[in-house]
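Descriptive structure summary
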Amino acid sequence: ENVEEKAKQVAEWITSKGEVFFFTGAGISTSCGIPDFRGPQGIWTLRKRRQPIPRLFTPFEFARPSLTHQVYLNKLNHIKKL
């Protein structure tokens, strides 16, 4: 099967569902002030090393979507219109 056929299948699947989740790579939200978890200075890494966790990050409830988040939303809205 070619890419266009696969894309149409994915678009049909997405439009037939009520909700869609994007599983992204680590760090997609760090530009929003949300801390990294698994990186060298990530929260889980520091906890494992028993090092202090920095408190200078944006609380989740105050974080705002980054350009990357907006691109995903734009793509999803575009697919729903197909």
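The rules behind the values
Residues numbered from 1 in each chain as written. Predicted model: local features only at pLDDT ≥ 70, side-chain atom pairs only at ≥ 80, totals over all residues. Heavy atoms only, no water. Helix = DSSP H or I, 4+ residues; strand = E, 2+ residues; numbered from the N terminus. Phe/Tyr/Trp six-rings, centres within 6.5 Å; stacked < 30°, edge-to-face > 60°. Buried < 20%, exposed > 50% of the residue type's maximum accessible area, 1.4 Å probe, protein only. Salt bridge = Lys/Arg side-chain N within 4 Å of Asp/Glu carboxyl O. Contact = heavy atoms within 4.5 Å. Polar contact = N/O pair within 3.5 Å; in protein donor to acceptor, adjacent residues only side chain to side chain. Expected span 1.5 Å × (residues − 1).

It is worth spelling out unusual backbone geometry at this point. Here the phi dihedral of Arg-50 falls at roughly 60°; this positive angle occurs in a residue that is not glycine. Along the chain, Arg-50 turns up in the loop between α2 (43-48) and α3 (67-81).

Right, let's talk about the packing of aromatic side chains for a bit. Scanning the entire structure with this criterion turns up 1 aromatic pair. Arranged with centres 5.1 Å apart and planes meeting at 55°, the rings of Phe-37 and Trp-44 form a pair that is tilted. With a relative accessible area of 27%, Phe-37 lands in the partly exposed category.

As a further point, take the pattern of salt bridges. The tally for this structure, following the rule as stated, stands at 1 salt bridge. The partner of Glu-4 in a salt bridge is Lys-8, and the shortest N-O contact between them spans 3.6 Å. Within this pair, Glu-4 and its partner Lys-8 are both found in helix α1 (residues 3-16), separated by 4 residues, close to a single helical turn.

With respect to the element layout, Ser-66 can be found in the loop between α2 and α3. Overall, the relative accessible area of 9% leaves Ser-66 in the buried class. If sequence neighbours within four positions are ignored, Ser-66 has contacts with Ile-28, Ser-31 and Cys-32.

Okay, the environment of Val-10 next. Along the chain, Val-10 turns up in helix α1. Along the sequence, Val-10 and Tyr-72 sit 62 residues apart, while their C-alpha atoms lie 14 Å from each other.

With 23 residues separating them in the primary sequence, Ser-66 and Ile-43 have C-alpha atoms 21 Å apart. A polar contact of 2.9 Å, which involves the side chain of Ser-66, links it to the side chain of His-69.

In a regular helix each residue adds 1.5 Å, so 15 residues correspond to 21 Å; α3 covers 21 Å between its end C-alpha atoms and thus fits that length. Put simply, Ser-66 is the residue that caps the front of α3, since its side-chain oxygen is 3.3 Å from the backbone nitrogen of Thr-68.

In short, the description is geometric, and any link to function would need to be established separately.
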